[in-house]
Amino acid sequence: MSQEAYEQKVLNKSVSFPDREKYKIKYTDELKDLILGLLNKDPTKRLGAKNDHLEIKEHPVFKSVVWDDIINRKVEATIKPIIKEDLTKKLYFGEQMQP
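The structure reproduced in this document is the subject of the present report. (Residues numbered from 1 in each chain as written. Predicted model: local features only at pLDDT ≥ 70, side-chain atom pairs only at ≥ 80, totals over all residues. Heavy atoms only, no water.)

So, about the overall build of the chain. Of regular secondary structure, the chain possesses five helices and zero strands. Walking the chain from its N terminus toward its C terminus, one meets helices and strands in the order α-α-α-α-α. Here the chain holds 99 residues, and the buried ones make up 7% of them. Residue pairs in contact within the chain that sit at least 24 positions apart in sequence constitute 28% of those at least 6 positions apart. (Helix = DSSP H or I, 4+ residues; strand = E, 2+ residues; numbered from the N terminus. Buried < 20%, exposed > 50% of the residue type's maximum accessible area, 1.4 Å probe, protein only. Contact = heavy atoms within 4.5 Å.)

Put into structure tokens, the structure is as follows:
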């Protein structure tokens, strides 16, 4: 698919979700609503357009989240990436900064 065709698909095609039963996957209607809100084609109607991040934080998907605990790092990460090497220098300064 060409870049232009891809862009047209993103701009014009509606968001679709996989069939829950057919693919034996679980997702809630609230999650679907969140995704649709974030991907709304009209930026003025997109979730977060009216009240920035606060509007997103108030979405029902996040009803059990205690945001102050996250901000204060009281919540243990459920997924911790395994970092084999520090890529910071490589990513930001190029190969010439490597020892």
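From this point, things continue past the structure.
With respect to the helices and strands, His-59 occurs in the loop between helix H3 (52-57) and helix H4 (67-71). Each C-alpha atom, one on His-59 and one on Asp-33, is 9.0 Å from the other, the two residues being 26 residues apart in sequence. Those residues in contact with His-59 that sit more than four places away from it in its chain are Glu-30, Asp-33, Leu-34 and Leu-47. At a separation of 2.8 Å, a polar atom in the side chain of His-59 contacts the side chain of Asp-33. Separated by 3.5 Å, the side chain of His-59 and the backbone nitrogen of Leu-34 make a polar contact. (Polar contact = N/O pair within 3.5 Å; in protein donor to acceptor, adjacent residues only side chain to side chain.)

Below, the discussion takes up a nonpolar patch on the surface. Taken together, Val-15, Leu-36, Leu-38 and Leu-39 make up a surface patch of nonpolar side chains, about 290 Å² in accessible area. With respect to the helices and strands, Leu-36 occurs in helix H2 (residues 29-38). (Patch = residues over 30% accessible without salt bridge, like charges linked within 9 Å, V, L, I, M, F, W, Y side chains within 5 Å. Areas by Shrake-Rupley, 256 points an atom, 1.4 Å probe, with all protein chains shown as cover. Salt bridge = Lys/Arg side-chain N within 4 Å of Asp/Glu carboxyl O.)

With that out of the way, let us pick up the environment of Glu-55. Residue placement: Glu-55 occurs in helix H3. A polar contact of 3.5 Å, which involves the side chain of Glu-55, links it to the backbone nitrogen of Ala-49.

Let us look at the pattern of salt bridges. Taken as a whole and assessed by the stated rule, the structure comprises two salt bridges. For Arg-20, the salt bridge identified is with Asp-29, shortest N-O distance 2.8 Å. Residue Arg-20 is classed as partly exposed on the basis of its relative accessible area, which comes to 31%. As a salt-bridge pair, Glu-76 and Lys-80 come within 2.4 Å of each other at their nearest N and O atoms. Residue Glu-76 shares its accessibility class with Lys-80, and that shared class is exposed.

Geometry only, nothing functional implied.
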